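Chains, contacts and geometry: an overview
Here is what each chain is made of, one letter per residue.
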Amino acid sequence: MIEQESTFSEIGKALPYSAPTYFFDGLPEKTLLVAKMRLEHRRKNKRLVRFVTLFASAAAVLVLVMVAPSTKRLDNRRSENVEAVLKDLSNDELTNMTVVYGSDMMEEEWSQEKTY
Amino acid sequence: MNQPESDILALLQNPVTRDSGFLLLMNTYQKQLYWHIRRLVVSHEDAEDILQETFILVYNNIGAFKGESKLYTWLYRIATNECNRFFRHNNLRIKNVELLSDETPELAAGSELEGSESILIKFQQAIQQLPKKQKIVFNLRYYDELSYEDMEQILRTSVGTLRTTYHFAYERIKKYLTEHD
């Protein structure tokens, strides 16, 4: 017996409201249908997300492949600019540069290129 | 006679018989869970929504049930969590008392209530003014007649705490009925 039940025994377990008639009829079938629809909807969303991720990855790889050769072209252009500046320097200015940097800058750059 | 839990579980966990297992599960527990939810949220429409959400969650997560508790305590746990989620989105503590008027037209019309109707409504008003946890514990114990051990599995609260909570709820209801007599 539930303790303290005697105090509420005259009230009992009845409620002052009820469920609509026939509410429970067919409810399991209706709920099953909704559950399956939600599951299918979730699966479709997952497939879409997977497709979009794959597509984005493929697009990123394609962009990288296209950009990579142009980086080398940029380096070549930079070397040409340095060349043009050095050409205009006098012998004294070139000597001073050698003293400050302690080595031939172009030689260092060329040796780095060789390691590639 | 209700199908044993183990039979229902076996049907649910087999992909071939999952749907028929689900229908059997709902036919067995839908009324019990409906009234548990309805006593908390009062409104039939809200109870209907929460009941449906509860069983949909069960259908989609049956794989997560490891048999560490009874099946019906697991169902009650999901239903109670859904009610808590509903309460968080709708501050219903006071509104539930007002909702009683919607659900009991006699009360709303202000008509003279018969003695038994009047006491039932007053009793529900007393329960609805309880803090949420006390209301849940009281309902599970008084209406569903669950053991404290089963409630421990549903609410993940110790038996000692549940006993104390029920005691406090009981005293508050008694006090409310005395003051509003």
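See the structure shown above.
Given the structure is predicted, the values throughout are model-derived calculations rather than measurements.

1. Structural notes on the overall build of chain A
Regarding its fold elements, chain A presents three helices and zero strands. Reading chain A from its N terminus to its C terminus gives the helix and strand order α-α-α. Burial statistics for chain A: of 116 residues in total, 14% are counted as buried. For chain A, the accessible surface area stands at approximately 9,700 Å², while carbon and sulfur atoms represent 61% of it.

2. Observations concerning the side chain of B:Thr73
By the element assignment, B:Thr73 lies in helix H4 (residues 71-89). Those residues in contact with B:Thr73 that lie beyond four places of it in its chain are B:Asp150, B:Gln153 and B:Ile154.

3. With respect to the packing of helix H1 (residues 5-13) of chain B against helix H2 (residues 18-41) of chain B
All names here are of chain B. Contact geometry of H1 with H2 gives a least axis separation of 7 Å together with a crossing angle of 145°. Pair H1 / H2 crosses with left-handed handedness. Between H1, through Glu5, Ile8, Leu11 and Leu12, and H2, the contact on the second element is made entirely by Arg18, Gly21, Phe22, Leu24, Leu25, Thr28 and Tyr29. Residue composition of the contact of H1 with H2, grouped by class: seven nonpolar, two polar and two charged.

4. A closer look at the interface of chain B and chain A
Contact residues are listed per partner, giving 43 residues for chain B and 30 residues for chain A. Summing the contributions of chain B and of chain A, the shared interface buries around 3,500 Å²; its carbon and sulfur component is 67%. A per-residue breakdown of the area chain B buries against chain A is headed by B:Leu120, B:Tyr142 and B:Tyr170, which together make up 17% of the total. Seen at the junction of chain B and chain A, the total is four salt bridges. Where B:Glu145 meets A:Lys13, a salt bridge forms, and the shortest distance between an N and an O atom there is 2.4 Å.

5. Some thoughts on helix H9 (residues 148-155) of chain B
All names here are of chain B. For H9, every residue scored as buried is listed here: Tyr148, Asp150, Met151, Ile154 and Leu155. End-on, the buried residues of H9 take up no more than an arc of 150°, which puts them together on one face. Immediately downstream of H9, the backbone of Arg156 shows phi near 55°, a positive value.

6. A word on a nonpolar patch on the surface
Residues and elements named next belong to chain A. The grouping of Leu48, Phe51, Val52 and Phe55 at the surface amounts to a nonpolar patch, some 460 Å² of accessible area in total. By secondary structure assignment, the location of Phe55 is in helix H1 (residues 27-87). Note on Phe55: relative accessible area 59%, which makes it exposed.

7. Looking at the environment of A:Pro20
Within the element layout of this structure, A:Pro20 appears in the segment before H1. With a relative accessible area of 38%, A:Pro20 lands in the partly exposed category. Apart from the residues within four sequence positions on either side, A:Pro20 is in contact with B:Tyr34 and B:His44.

Criteria and thresholds
Residues numbered from 1 in each chain as written. Chains lettered and ligands numbered in written order. Predicted model: local features only at pLDDT ≥ 70, side-chain atom pairs only at ≥ 80, totals over all residues. Heavy atoms only, no water. Helix = DSSP H or I, 4+ residues; strand = E, 2+ residues; numbered from the N terminus. Buried < 20%, exposed > 50% of the residue type's maximum accessible area, 1.4 Å probe, protein only. Areas by Shrake-Rupley, 256 points an atom, 1.4 Å probe, with all protein chains shown as cover. Contact = heavy atoms within 4.5 Å. Axes fitted to C-alpha atoms, helices over the stretch in contact; angles between N-to-C directions. Left-handed = near helix turned anticlockwise from the far one by under 90°. Nonpolar A, V, L, I, M, F, W, Y, C, P; charged D, E, K, R; others polar. Buried area = accessible area lost by both parts, 1.4 Å probe. Salt bridge = Lys/Arg side-chain N within 4 Å of Asp/Glu carboxyl O. Arc of directions from axis to C-beta. Patch = residues over 30% accessible without salt bridge, like charges linked within 9 Å, V, L, I, M, F, W, Y side chains within 5 Å.

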